[in-house]
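Inside the fold
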Amino acid sequence: MKIICVGRNFGRHALELGNEIPKEPVLFMKPDSALMRPTDKFYIPDFSTNIHHEAEIVIRIDRIGKRIQRKFARKYFSQFSLGLDFTARDLQDELKAAKLPWEKAKAFDQSAYVGTWLQVDDYDLNNLNFKLMRNDQDVQIGNTSDMLFNIETLVEEISKYFTLKIGDLLFTGTPAGVGPVSHGDTLNGFVEGKQVFSVDIR
Ligand code: ZN
């Protein structure tokens, strides 16, 4: 199983980190060892003092495919949820400045979390409201209609390079409002008002 992630897929988020709006999707990966179990707490790793939350819609591939055309993309997944792409922002800034790969900042143990699965057919995937609360504050509010590259386009683009296999997870990018987490925080994720996760930070 692999985890494929999209960077800078919401214009306001790209700008908040001082990045340009990309002309094609920015892709990176996490290994299967990055995935938290549903009941895990997130433990802040000792190599970072600035772990950021990035709330993202995640789809789960349930059919093998490569070079998938966007009009057929929906045949390759039936479930989605909201997840977290935990990012060591301090380390990422150092690596970016040195023009080095991001993996240490993005793909470490526990850097990926996914909430309870929902059925794609029950929702309008291209007009989906989602929200992350840190303790009792709304920190990230997004709608998939604001994506620079929608989910079908992402499946097409990604499968040009990487064969998609059953169980692969696709993190589709985070909206504006990323920020640091602290010991004792709780992150609560919602899709269309329905809670899909609660993660304690330790
Ligand atoms: Zn992300």
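The coordinates are above.
A brief look at the structure comes next. (Residues numbered from 1 in each chain as written. Predicted model: local features only at pLDDT ≥ 70, side-chain atom pairs only at ≥ 80, totals over all residues. Heavy atoms only, no water.)

Another point: the overall build of the protein chain. Scanning the protein chain from N- to C-terminus turns up four helices and 14 strands. Over its C-alpha trace the protein chain gives a radius of gyration of 16 Å, about what one expects of a compact globule, namely 17 Å for 202 residues. Projected onto its principal axes, the C-alpha coordinates of the protein chain cover approximately 45 × 40 × 30 Å. Within the protein chain, the proportion of its 202 residues that are buried is 53%. For the protein chain, the distance from the average site of its 26 positive side-chain charges to the average site of its 28 negative ones is 5 Å. (Helix = DSSP H or I, 4+ residues; strand = E, 2+ residues; numbered from the N terminus. Rg over C-alpha atoms; globule rule 2.2 N^0.38 Å. Buried < 20%, exposed > 50% of the residue type's maximum accessible area, 1.4 Å probe, protein only. Lys, Arg positive; Asp, Glu negative; His and termini not counted. Charge placed at Lys NZ, Arg CZ, Asp CG, Glu CD.)

Before going further, it helps to examine the packing of aromatic side chains. Two numbers describe a pair of aromatic rings. These are the distance of the centres and the angle of the planes. Counted under the stated rule, the structure contains seven aromatic pairs. For the pair Phe-80 and Tyr-123, a centre-to-centre distance of 5.3 Å together with 85° between the ring planes defines the contact as edge-to-face. A residue pair is termed long-range when its members are at least 10 positions apart, and Phe-80 in strand β5 (residues 77–85) and Tyr-123 in the loop between β8 (118–119) and β9 (129–134) qualify at 43 residues. With a relative accessible area of 22%, Tyr-123 lands in the partly exposed category. With a centroid separation of 5.6 Å and an interplanar angle of 75°, the aromatic rings of Tyr-113 and Phe-197 are classed as edge-to-face. Here Phe-197 lies in strand β14 (residues 194–200) and Tyr-113 lies in strand β7 (residues 112–114), a separation of 84 residues in the sequence. The ring of Tyr-76 has Arg-63 sitting right over it, with the charged end atom 4.7 Å from the ring centre. Here Lys-131 stacks its cationic end above the ring of Phe-190, 5.4 Å away from the centre of that ring. (Phe/Tyr/Trp six-rings, centres within 6.5 Å; stacked < 30°, edge-to-face > 60°. Lys NZ or Arg CZ within 6 Å of the ring centre and 35° of its normal.)

Quick look at unusual backbone geometry now. Phi at Lys-99 takes a positive value of approximately 55°, unusual for a residue other than glycine. Summarising the element assignment, Lys-99 is placed in the loop between α2 (89–97) and α3 (103–106). With relative accessibility at 76%, the residue Lys-99 sits in the exposed group. Despite not being glycine, Glu-192 shows a phi value in the positive range, around 45°. Mapping Glu-192 onto the fold places it in the loop between β13 (186–191) and β14. Relative accessible area serves as the criterion here: at 38%, Glu-192 is assigned to the partly exposed category.

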